[in-house]
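Summary of structural features
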Amino acid sequence: MADKKSEKILVVEREKSMGDRIERLLTRAGYEVRLVNSSYPAIAALEASTASPFALVISAYRIPGMNGDDLLEHARSIAPDTQRMLFAEASDAEILLNAINRAAIHSSIAVPFKDELFISEVARR
């Protein structure tokens, strides 16, 4: 596995406070983070990063443009080696199942989450 300091992570989160929290946590952990608030800038970032791809895409389920599982399915076709993680409410088991089946996500995080759990899940993949 590459040194995490060289790993780039794309975060897709519509809520500014949550996006800022995630970006802060990942940056403190040594990752290079790109934060966008909807699906279309995320797709553009993925397409533009083919020379230096993201190691991980983390998406909330509810984002503007398309749902997070749809975005992660697109991410899979654009950058198949990029890992995919989905944020969803703990009660949204059907959403997570669809994301696993359609987008082949590598992990999911139930919202709300503890910071330590989130960072350990990112590092574990």
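Before reading further, recall that the structure is shown in the block above.
Okay, so let's go over this structure. (Residues numbered from 1 in each chain as written. Predicted model: local features only at pLDDT ≥ 70, side-chain atom pairs only at ≥ 80, totals over all residues. Heavy atoms only, no water.)

A look at the nonpolar core
Note the cut-off: We define the nonpolar core as a collection of buried residues of types Ala, Val, Leu, Ile, Met, Phe, Trp, Tyr and Cys that are connected through side-chain atoms lying within 4.5 Å of one another. Only protein chains enter the accessibility calculation, which uses a 1.4 Å probe; a residue is then buried when its area is under 20% of its type maximum, exposed when over 50%, and partly exposed in between. In what follows, a contact means two residues having at least one pair of non-hydrogen atoms within 4.5 Å.
Ranked by internal contacts, the top residues of the largest apolar core, which has 41 residues, are Leu10, Leu26, Ile58, Phe87, Phe118 and Val122. Here leucine 10 is in contact with Arg34, Val36, Ala42, Ala45, Leu46, Phe54, Leu56, Val57 and Ile58, once residues within four sequence places are set aside.

Overview of helix 5 (residues 115-124)
What counts is decided by this rule: For the purposes of this entry, the term helix denotes a DSSP run of H or I that reaches at least four residues, the term strand denotes a run of E that reaches at least two, and both are numbered from the N terminus. Along the arc lie the directions from the helix axis toward the C-beta atoms.
Listed in full, the buried residues belonging to helix 5 are Phe118, Glu121 and Val122. For helix 5, the angular spread of buried residues about the axis comes to 100 degrees, placing them on one side. Of the exposed residues in helix 5, those oriented more than 90 degrees away from the buried face are Glu116 and Arg124. Elements that come into contact with the buried residues of helix 5 comprise strand 1 (8-12), helix 1 (16-28), strand 3 (56-60), strand 4 (83-89) and strand 5 (107-111).

Quick notes on the pairing of strand 5
Short version of the rule: Paired strands, as defined in this entry, are two strands with at least two bridges between them according to DSSP. Call a crossover right-handed when, viewed with both strands pointing away from you, the route from the first strand across the helix to the second goes clockwise.
Only one face of strand 5 is buried, namely the one carrying Ser107, Ile109 and Val111, since none of Ser108 and Ala110 on the opposite face is buried. With five bridges joining them, strand 4 and strand 5 adopt parallel strand pairing. Looking at the pairing, glutamate 89 lines up with valine 111 of strand 5. Crossover connection from strand 4 via helix 4 (residues 93-103) to parallel strand 5: handedness right-handed.

Take it as geometry only, folks, not as evidence of what the structure does.
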